[in-house]
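Residue-level listing of the chains:
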Amino acid sequence: MDLIIVESPTKAKKIGTFVGKEYTVESSYGHVRDLPKSKLGIDVKHDFEPTYLIPKKAEPVVDNLKKLAKKADRVILATDEDREGEAIAWHLVEALGLDGNKEQGARSKETQRIAFHEITKDAIIEALKNPRAIDENLVDAQQARRVLDRLVGYELSPFLWRKVRYGLSAGRVQSVAVRLVVERERAIQAFKKEEYWSIEGIFNGQGTRDKGQGTFPATLNSINGKALGKMDIENETEARRIVDGLDGAEYRVSEITTRDVRRNPSAPFTTSTLQQEAARKLGYSAKQTMMIAQKLYENGHITYMRTDSVNLAESALRQAQQVIASEFGKEYALAEPRRYATKSKGAQEAHEAIRPTDLAVTSSKGIHGVAGAGKLYDLIWKRTIASQMKEALLEQTAVDIVAEMTNDKLPMTSATFRANGQVVKFDGFIRAYTEGRDEGEGDDQLDGKLPKLEKGDALKSEEIKPVQHFTEPPPRYTDATLVKALEAEGIGRPSTYAPTLSTIQERGYVEKIEKKYQPTEIGFLVNDILVEHFPEIVDLKFTSHVEEELDEIAEGKLKWTDVCREFYGPFKAELKEKEATVEKQVEISNVPCPHCGKPMIIKFGRMGKFLACPEPGVKVTLPMPEEAAEIKALEEKTKDERCPICGKPMKVKRGRFGYFLSCVDYPNCKGISKIWDKTGFKCPNCRARLAARGGERSGEAASRTIDRPSSPSGQPDSLNLVGDVVLKKSRGRGRPFYACNRWPDCTFLMGKKPETEEQLQEAYQEWLKNPPKPKEKTAARKSK
């Protein structure tokens with residue numbers, strides 16, 4: 001009996017269906033060894049020797065694998081094909097005492113490593129036929145990354161604790177990502193918008209109305225033969241002088257230029273481009289995308305999802321042509337496969353792009369188990385298929401319209417407008433897929449047909465008007481654009497993008513507002529300290545250089561200990577110097593302390609800034625003035641709220657996710673409630689249920705019973721409560737809606753804000769006719 005070890009139980013279950021009974025497939029549930037959390041765990045004096053421990057949660061797994069390994073004739077390590085997967089395989093050898101590690105008490109036995117790009121029967125059988133040894137170079141590269149990240153995190157973070165506040169952290173890659181966000185925000189803050197104008201015209205070819213060809217727009221692009229730049233018309237006065245000068249002008253077509261443009265499809269997905277496109281088209285975060293992609297991979301639907309290659313296997317290229325001919329027609333298929341070259345730094349061409357394992361599976365209907373899996377699969381399938389379809393053929397037309405001047409109000413002898421049009425002559429890959437675009441990249445309109453015109457045709461001007469514009473600041477980073485920037489700078493690798501974006505949010509250095517990254521106050525402060533005192537740590541080129549050195553370790557060109565030594569020596573010396581010279585960051589306010597009368601100092605806590613007494617040991621604190629004003633306004637808004645448990649008044653408090661209401665009797669009573677945006681209307685469904693239980697005395701009477709306990713135990717009787725109709729917002733990109741705040745006890749909802757009682761009752765009757773269907777539980781769905 002042979003033992004196959006993989007990282008996840010889902011992967012183990014899937015592989016188990018492909019291999020015979022002579023194999024046992026087990027999961028290690030991820031890493032089985034790691035550096036200790038309580039100390040550095042690296043001996044910097046002896047070649048950066050790491051000390052690895054088996055975490056407590058992994059001990060039962062390791063014990064079980066040891067028992068199975070003892071009974072097995074052969075142990076086959078089938079972890080993922082990247083550096084982290086190689087490192088997990090190496091750690092399994094060490095932890096299980098394989099290959100004669102006497103300290104672990106296991107007998108020496110044959111241990112093999114297999115790797116595959118996809119979890120399909122053919123791929124697994126082929127991998128079992130071609131085992132190999134563990135690639136020590138890949139292990140060293142991963143170990144170097146882990147050691148460097150630990151050195152930065154465990155030695156630089158305490159510096160921030162002492163100089164700013166406890167709990168902060170610095171990271172080799174995360175600090176650079178924060179710097180990108182901070183610098184973009186500062187560029188936005190420093191931006192000064194500039195006004196500029198354009199002259200827009202609406203034209204109609206004489207007699208074309210009867211032919212149904214309609215009007216078309218054009219923009220003034222030259223005066224007296226000189227091209228107009230974007231910013232050349234600076235103000236309204238100048239714009240109106242030009243419009244006045246065109247008064248009475250006659251227009252004719254002076255030039256028509258037509259050309260065919262071929263547009264090629266984008267390459268198949270890499271990790272980076274998948275995260276970018278899923279953010280643009282599906283609204284997924286990088287973390288969410290990778291979680292779903294991991295499930296698709298483990299269930300055998302797609303190839304390995306951590307890759308920077310755009311290569312496709314020959315078998316996939318052949319199948320793509322068959323599927324294209326079947327789904328779209330032979331005219332869309334290529335005579336020869338299209339091959340792409342990877343442009344990203346450090347890409348590993350031996351890997352393969354992300355694609356469906358079977359392109360014949362054109363529908364995501366059979367893909368379930370994880371929310372959003374079907375949508376992501378469809379995206380991957382379309383992108384892969386489009387990459388092997390014929391290019392699109394577009395016809396672009398530029399029409400120059402000359403104005404024959406009859407007005408002498410402006411020293412202008414000629415003016416030319418230009419109209420641009422584009423039509424699709426052959427849609428090619430566009431029929432399957434078009435790539436999304438980021439903010440600021442402009443429109444990608446495929447169709448903009450112009451009327452059929454000929455040189456010399458007279459045109460009628462329907463309207464000539466000045467249009468005001470303003471320059472716009474650079475857009476804030478989104479998941480898509482931040483991943484794109486990290487990849488362009490060579491910072492991180494496919495496996496690090498999503499964790500980096502999650503970490504900088506979890507640490508409180510940035511926050512996402514409307515899916516865009518903005519630095520917090522603590523993010524600004526920490527970034528400024530690191531940029532001033534540790535410029536190399538947050539230098540884009542230096543971080544990219546380290547990534548290149550990690551690649552060279554993986555290729556066997558460098559020793560991992562040399563890279564760590566080159567980095568750590570200067571870093572440690574600089575850290576010692578800064579410890580002695582950098583003063584603790586203290587900001588003094590103009591608010592007098594109620595305890596000592598001295599100006600209070602501004603400190604940072606888990607929830608942001610607060611005021612503290614300057615005297616040591618005194619724990620007198622106050623909220624910041626702006627926060628105090630906000631709390632006062634919320635207290636006024638919620639003064640009539642009562643505790644849902646004991647009926648006592650509630651007070652405004654602030655938590656991780658913002659302000660909320662807490663019972664004044666806390667901790668004796670732990671009643672809490674959200675601060676709702678109320679419409680002023682009581683829930684009609686709750687009122688109807690209350691009336692059915694004994695009659696509603698009146699709306700006012702019912703209001704007096706709201707949120708009060710009606711049982712001797714002090715617990716509210718939910719059937720005696722009447723909720724409020726409040727504003728809510730569904731997750732993701734969902735629209736706002738209005739619903740009872742007693743959900744899930746009451747499920748009433750409506751789409752529009754009620755303005756009158758009649759509107760509310762009308763919406764209630766509609767809701768009664770079409771109540772929402774109860775959601776199935778996950779277990780129930782799986783059992784079907």
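Just so you know, the residues in each chain are numbered from 1, in the order the chain's sequence is written. Note on the predicted model: pLDDT of at least 70 is required for a residue's local features to be given, and 80 or more for side-chain atom pairs to be given and counted; whole-chain, interface and lining totals, by contrast, use all residues. No hydrogens and no water enter the side-chain calculation; it runs on all heavy atoms of the structure.

Student: Help me out: how do you make sense of the overall build of the protein chain in this one?
Tutor: Secondary structure follows DSSP: runs of H or I at least 4 residues long count as helices, runs of E at least 2 residues long count as strands, and numbering of each begins at the N terminus. A tally of regular secondary structure across the protein chain gives 21 helices and 26 strands. Out of the 784 residues belonging to the protein chain, those deemed buried represent 47%. The contacts of the protein chain with a sequence gap of at least 6 include a subset with a gap of at least 24, amounting to 69%. Think of it in three bands: residues with accessible area under 20% of the maximum for their type are buried, residues over 50% are exposed, and the middle band is partly exposed, with areas taken using a 1.4 Å probe on protein chains only. Here, two residues are considered to be in contact whenever any of their heavy atoms come within 4.5 Å of each other.

Student: Sorry if this is basic, but what is going on with the environment of Lys619 here?
Tutor: Looking at where Lys619 falls in the secondary structure, it is placed in the loop between β18 (608-612) and β19 (621-622). Given a relative accessible area of 79%, Lys619 falls into the exposed group. In this structure the C-alpha to C-alpha distance between Lys619 and His595, which are 24 residues apart in sequence, comes to 9.7 Å.

Student: Even after reading the chapter, I still don't get the packing of helix α9 (residues 286-298) against helix α11 (residues 373-387), so can you show me in this structure?
Tutor: Helix packing geometry: the angle between the two helix axes and the distance between the axes. Interaxial angle, 0 to 180 degrees, is taken between N-to-C directions of lines fitted to C-alpha atoms, where a helix line uses only the stretch in contact. Interaxial distance between α9 and α11 falls to 10 Å at its minimum, and their mutual angle equals 80°. Between α9 and α11, the angle falls in the class roughly perpendicular. On α11, the residues that touch Thr289, Ile292, Ala293 and Leu296 of α9 are Ala373, Leu376 and Tyr377. Residues are grouped as follows: Ala, Val, Leu, Ile, Met, Phe, Trp, Tyr, Cys and Pro are nonpolar; Asp, Glu, Lys and Arg are charged; all remaining types, including Gly, are polar. Looking at the contact of α9 with α11 residue by residue, the class counts come to 6 nonpolar, 1 polar and no charged. Small angles under 35 degrees read as roughly parallel and large ones over 145 as roughly antiparallel, with 65 to 115 read as roughly perpendicular and the rest as oblique.

Student: Help me understand helix α6 (residues 174-190) in this model?
Tutor: Spacing of three or four residues puts side chains on the same side of an α-helix, whose turn is 3.6 residues. Here α6 is 17 residues long and its end C-alpha atoms lie 24 Å apart, about the 24 Å a rise of 1.5 Å per residue gives. Regarding α6, the residues found buried are Gln174, Ser175, Val176, Ala177, Val178, Arg179, Leu180, Val181, Val182, Glu185 and Ile188. Packed against the buried residues of α6 are α12 (479-488), α13 (497-506), β14 (510-513), β15 (516-519), α14 (521-533) and α15 (540-554). To estimate the expected span of a helix, count its residues, drop one, and scale the result by 1.5 Å.

Student: When you look at the packing of aromatic side chains in this model, what are you seeing that I'm missing?
Tutor: Between two aromatic rings, the relevant description is the distance of the centres plus the angle of the planes. What counts as a ring pair is set by centres within 6.5 Å for rings of Phe, Tyr and Trp (its six-membered ring), and what kind of pair is set by the plane angle: stacked under 30 degrees, edge-to-face over 60, tilted for all other angles. In this structure the tally under the stated criterion is 16 aromatic pairs. For the pair Phe48 and Tyr568, a centre-to-centre distance of 5.8 Å together with 85° between the ring planes defines the contact as edge-to-face. Taken as a pair, Phe48 in the loop between β3 (42-43) and β4 (49-50) and Tyr568 in helix α16 (residues 560-581) lie far apart in primary sequence, 520 residues in all. Like Phe48, the residue Tyr568 is buried in the burial classification. Their ring planes at 70° and their centres at 5.3 Å tell us that Phe203 and Phe417 sit as a pair that is edge-to-face. Of this pair, Phe203 sits in strand β7 (residues 195-205) while Phe417 sits in strand β12 (residues 414-426), and the two are 214 residues apart along the sequence.

Student: Just to check I follow, could you spell out unusual backbone geometry for this structure?
Tutor: Trans is the common state for peptide bonds, and a negative phi is the common state for residues other than glycine. With an omega dihedral of 10°, the bond running from Tyr666 to Pro667 counts as a cis peptide bond. Its location among the elements puts Pro667 in the loop between β21 (658-663) and β22 (672-673). Residue Tyr29 is not a glycine yet carries a positive backbone phi of 55°. The phi torsion at Asn224 lies on the positive side, around 55°, for a residue other than glycine. Mapping Asn224 onto the fold places it in the loop between β8 (216-223) and β9 (226-227). Asn224 gets classed as partly exposed once you look at its relative accessible area, which sits at 39%.

Student: Help me understand the pairing of β18, please; the structure alone is not making it clear to me.
Tutor: It is a general feature of regular strands that their side chains alternate between the two faces of the sheet. Bridge count for strand β17 (residues 599-605) against β18 is 5 bridges, and the pairing is antiparallel. Across the sheet, residue Phe604 finds its bridge partner in β18, namely Lys609. Whether two strands pair depends on DSSP finding at least two bridges between them.

Student: Could you clarify how one ought to interpret the pattern of salt bridges in this entry?
Tutor: It is possible for side chains bearing opposite charge to pair when their charged atoms get close. Salt bridge, as applied in this entry: a Lys or Arg side-chain nitrogen positioned within 4 Å of an Asp or Glu carboxyl oxygen. For the coordinates displayed, the defined rule picks out 42 salt bridges. Between Asp551 and Arg493 there is a salt bridge; the shortest N-O distance is 2.6 Å. In this pair, Asp551 is assigned in helix α15 and Arg493 in the loop between α12 and α13, connecting sequence segments 58 residues apart. Look at the salt bridges and you will find they share partners, linking Arg145, Asp149, Arg172 and Glu547 into a network.

Student: Just checking my understanding: could you explain the sheet that holds strand β5 (residues 74-77) for this structure?
Tutor: Two modes of strand pairing occur in sheets, parallel and antiparallel, and in both the strands are linked by backbone hydrogen bonds. In space, the 4 strands of this open sheet follow the order β2-β1-β5-β6, with parallel pairing throughout. In the strand order of this sheet, the two ends are held by β2 (23-27) and β6 (110-113), each with one partner. If you compare each strand with its neighbour and ignore which way they point, the axes differ by 20° on average. By the bridge criterion, 4 bridges tie strand β1 (residues 2-6) to β5 in an arrangement that is parallel. Bridge pairing links Leu3 to Val75 in β5. Lying on the sheet, helix α1 (residues 9-16) is in contact with β1 and β2; it crosses β2 at an angle near 165°.

Student: What's the story with the sheet that holds strand β25 (residues 736-740) in this structure? I'm lost.
Tutor: Strand order in the open sheet made by the 4 strands is β23-β24-β25-β26, with antiparallel pairing throughout. The sheet terminates laterally at β23 (678-682) and β26 (749-750), the two strands that pair on one side only. With 5 bridges connecting them, strand β24 (residues 724-729) and β25 associate as antiparallel partners. The partner of Lys728 across the bridge, within β25, is Phe737.

Student: What am I meant to see in the state of the cysteines here?
Tutor: By definition, a disulfide links two cysteine residues through a covalent bond between their sulfur atoms. The term disulfide is used for any two cysteine sulfur atoms that are within 2.5 Å. What the rule picks out here adds up to 0 disulfides. Just so you know, Cys596 is unpaired, no disulfide at all, and the nearest cysteine sulfur is the one on Cys613, 3.8 Å from it. Classification of Cys596 by relative accessible area gives partly exposed; the value is 24%. Free of any disulfide, Cys683 has its nearest cysteine sulfur in Cys746, 3.6 Å distant.

Student: Just checking my understanding: could you explain the side chain of Gln174 for this structure?
Tutor: Position of Gln174 among the secondary structure elements: in helix α6. Judged by its relative accessible area of 12%, Gln174 is buried. Here Gln174 is in contact with Ser169, Thr500, Thr503, Ile504, Arg507 and Tyr509, once residues within four sequence places are set aside.

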